[in-house]
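Spelled out from the first residue to the last, the chains are:
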Amino acid sequence: MLNPVMKRRDFLATLPALPPALTASASAAPPASEIGGDFKLWYRKPAQKWVDGLPIGNGRLGAMVLGGVPEERIFLNEDTLWTGFPGPGGNDPNGPKYLADVRRLILQDKNYAAGETAAKKLQGPFTVSYEALGELHLKFDAAGPVTDYRLELDLDSALCNTSYRIENTIFRREALASYRDQVIALRLTAQALPGAAEPGAKLNFTVGLTSLLKSTAAAEGDTRLRMTAKAPARMDPDYLNSKNPVVYDDAAGHGMRCEALVDVKAEDGTVHADGAVLRVENATAVTLLVAAATGFRGFDKLPDLSADAIHARCVQTLDAAAKLSWPEIHKRHVHDYLPMFRRVSLRLGAGTDASGRSTDERVAEYASEPDPALAALYFHFGRYLLLSSSRPGTQPANLQGLWGDLLRPPWSSNYTTNINVEMNYWLAETCNLADCHEPLFQLTEELSRNGATTARVLYNLPGWVAHHNTDLWRLSNPVGAKSGDPRWANWPMCAPWLCEHLWEHYAFSGDLEFLRRRAWPLMKGAAEFLLGWLVEDGAGHLTTCPSISPENGFYLPDGTVVTVDAGCTMDLALIRELFGNCISATKLLGIEADFAQRLEAALKRLPPFRIGTQGQLLEYSQEFREPEPGHRHMSHLYTVYPSPLFTWNKTPEWMEAARKSLEIRLVNGGGYTGWSAAWVVNLRARLRDGDKAGLAVARLLKQSTRLNLLDTHPMGQGGFVFQIDGNFGGPAGIAEMLLQSHDGEITLLPALPSAWSEGSFSGLRARGGLTVSVDWVNGRATAAQLSAKRTADFTLRPPRAHKIAALRQGAESLAVHRNANGTVTVRLEAGTVTRVEFA
Ligand code: FUC
């Protein structure tokens, strides 16, 4: 576990020594085909623009590779490159009075329209924006026509390979983002075709660096190129129509400074500086390394403004990496990455596409042809993206992971907390990447510190609060600058949702130290705020107000559309879950029984969930008519996923009501963004609607997935932008279709679509400390295996229409307790592996 205040440079020092196996070639690892999978995205032509490129990343540095000939464009990112600086925050000291006004208008006067207008007074400044670092250009000298072109991303080793032929020469480029060496590294080679009569052509190209930020590039000696840049001090979100949206502040020195430093090493041939570019001539192999850094020193500290200091950090990183040979860099990268990626396997159908189609062809044909292996590839791509954008010590994955090409990216590419950033982490625990969850926990800790100020100043309440947006500086106030739409700006329920992630991390690992040291203080602070936030509704209940069901609205009888209610279902669900988890934590840790009693008392006074005239779970406090019944957010269905408040074992009637609500959403067009479609996959999985879950995956792939498998969000007339949430939510949903553990038992293949009649997985995690693998043929499980990480009692539910015949460790059959509902309960010792046999 990382120390919460551990900084980037410290965590690098904590990396374990390389295993002795590293002396063997990384390619000595078994080939991907042997571990059951199709792990390559590949294309017959280069990408034309950023959004179609192939992403690589090490959690901190990102690059989008286009694979072009004769010009390669590689877009660079560094995850702490944001506009702005830590500031006093935007907590209006008149907030407590405004809050009282909103509550009077809504709870007493039932004047929703006036209440909504009054809520705007609580708003403060917008978040700042994530920024693209720049572009690395490789411009190759004119040569003959290109043949045999291939661009590929190998998810198994996190390598992006480009290869092509010009006449009798094969040109290859490999690109990787090394976590261990903290560089983006490229290897370019030119090799004559075997048996060619003529000698092959050589590498002749220039290397340049550009940026959309205020920047300068210059050669340093003959083999290094340095670009320094400065981000704006302020940047308005792209959706604001402001006159002067980009503000540089040179006078006060505000604005993050950053640098990209490139080192070019040629084998045979030469490298020399040529003005602001480097020129490579007559080389057969070139290693190009990129280091990058910003002046970021922490969410609450002014960034380092010294270009020299930032340069020194780049030089240090680059000097260290430049001492390594290419095979060493490559090997260290693969040895770091591959074991994490291989914690999980998944094969669907034949596991791979035998028809020789490229990934874009498969995506394009997915609509007409079932290709379960493509769904598996999409699943693996999600795991790859999390490993590439969120590693211990880095920033959490933002709206586009850590990739970006713009000065004003969509929605500032910030952290949207009313669904998007949480969805980024839905796969972390189940898909065995719990360590990648760490940056979100760090964000939560930091946000809670600013959030305590917002709670105190804006609302005069204890604990901590945060709203629907945050950024590098952990802004916690409601955004909107007093004129934002409360449907998004005023939602104050970020803290309990982030705390759910802390609890889940505990639930999967059973790590009581994590619960005690990291989770509990944050959970308690969020609960303290909510205890204070709950307000008498005049009918004997404690409710929430203002209450927003993100980002939906409802009709008043006169036809006005408003968005602020009291006691929306999602608020009640978040509070029930947080309070329930806090009470469990006090028992597990043997602490704070008095606080638990206060929570118990408040829970008893919350309004109940409500069912409407169509049998549906209501989203609002009453059955309002809704202008957008197919709204993209499924906020009231938080109760089903990610929360386990409603389950088939505990609350079957509420599961039916939730299913009805989902169906109403879907017949009215819900699920039209990538993340919304991905949420549907998870909901269908929890509802155990296997075939419909399969159709939801198909919809995500057909409707919201680019040919490079990146997730999309509609924008403007027929346009779209890349948003990464669906890339994580979709794979989380696929995992949820195969294994569930939220309902007091571990359920194998709970929502297997008939179209996925054959397959296998291994390494998925279940709550309580188990990893699970299952094989199935013709829709019937043939084998399953449980690896216990902790000693505990586990209750196992076989796939539908299956019976568990025996649980065995080696030849020994374990004593199990057979429950009346078809499950079995067994005690498993830590470190044991148990085979499940089906009747
Ligand atoms: C929420 C969603 C939008 C978009 C934005 C980044 O506001 O409602 O669809 O994903 O976040």
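Above this text you will find the structure in question.
It should be emphasised that the depicted structure is a prediction, and the values quoted were computed from it without experimental measurement.

## Things to note about the site of the ligand
In the vicinity of the ligand, the contacting residues are L399, W411, T416, N420, E551, R632, H633, W675, H713 and Q723. The separation between an oxygen atom of the ligand and a polar side-chain atom of E551 is 2.3 Å. R632 places a side-chain nitrogen or oxygen 2.8 Å from an oxygen atom of the ligand. A breakdown of the residues in the shell around the ligand according to their chemical character gives three nonpolar, five polar and two charged.

## A short note on the packing of helix 13 (residues 512–533) against helix 15 (residues 593–604)
Packed helices, taken two at a time, are described by the angle their axes make and the gap between the axes. Interaxial distance between helix 13 and helix 15 falls to 11 Å at its minimum, and their mutual angle equals 45°. With respect to helix 15, the element helix 13 is oriented oblique. Helix 15 is crossed by helix 13, and the crossing has left-handed handedness. When helix 13 is examined against helix 15, the residues W520, K524, A527, E528 and L531 are found in contact with a partner set consisting of F595, R598, L599 and A602.

## Here we look at the packing of aromatic side chains
Counted according to the given criterion, the structure contains 33 aromatic pairs. For the pair F126 and W488, a centre-to-centre distance of 6.5 Å together with 40° between the ring planes defines the contact as tilted. Here W488 lies in helix 11 (residues 486–489) and F126 lies in the loop between helix 3 (112–119) and strand 5 (134–140), a separation of 362 residues in the sequence. The burial state of F126 is the same as that of W488; both residues are buried. Seen in terms of ring centroids, F529 and W533 are 5.4 Å apart; in terms of plane orientation they differ by 25°. Their pairing is stacked. Residue F529 and its partner W533 are located together in helix 13, separated by four residues, close to a single helical turn. Here W533 falls in the buried class, since its relative accessible area comes to 0%.

## Here's the deal with the nonpolar core
Ranked by size, the top nonpolar core spans 238 residues in total, and within it I56, L136, V207, Y384, F579, W679 and F761 carry the most contacts. The contacts of W679, once residues within four sequence positions are left out, are I419, M423, W426, W497, H633, M634, S635, Y638 and Y641.

## Here we look at the packing of helix 10 (residues 438–459) against helix 13
The geometry of helix 10 relative to helix 13 is characterised by a closest axis approach of 11 Å and an angle of 30° between their N-to-C directions. As summarised for this structure, helix 10 and helix 13 are arranged roughly parallel, according to the angle between their axes. Here helix 10 and helix 13 pass one another in a crossing that is left-handed. Across the interface between the two elements, E438, F441, Q442, T444, E445, S448, A455 and Y459 from helix 10 touch F514, R518, L522, F529 and W533 from helix 13. In terms of residue class, the contact of helix 10 with helix 13 is built from seven nonpolar, three polar and three charged.

What counts and what doesn't
Residues numbered from 1 in each chain as written. Predicted model: local features only at pLDDT ≥ 70, side-chain atom pairs only at ≥ 80, totals over all residues. Heavy atoms only, no water. Near = heavy atom within 4 Å. Polar contact = N/O pair within 3.5 Å; in protein donor to acceptor, adjacent residues only side chain to side chain. Nonpolar A, V, L, I, M, F, W, Y, C, P; charged D, E, K, R; others polar. Axes fitted to C-alpha atoms, helices over the stretch in contact; angles between N-to-C directions. Helix = DSSP H or I, 4+ residues; strand = E, 2+ residues; numbered from the N terminus. Parallel < 35°, antiparallel > 145°, perpendicular 65-115°, else oblique. Left-handed = near helix turned anticlockwise from the far one by under 90°. Contact = heavy atoms within 4.5 Å. Phe/Tyr/Trp six-rings, centres within 6.5 Å; stacked < 30°, edge-to-face > 60°. Buried < 20%, exposed > 50% of the residue type's maximum accessible area, 1.4 Å probe, protein only. Core = buried A, V, L, I, M, F, W, Y, C linked by side-chain atoms within 4.5 Å.

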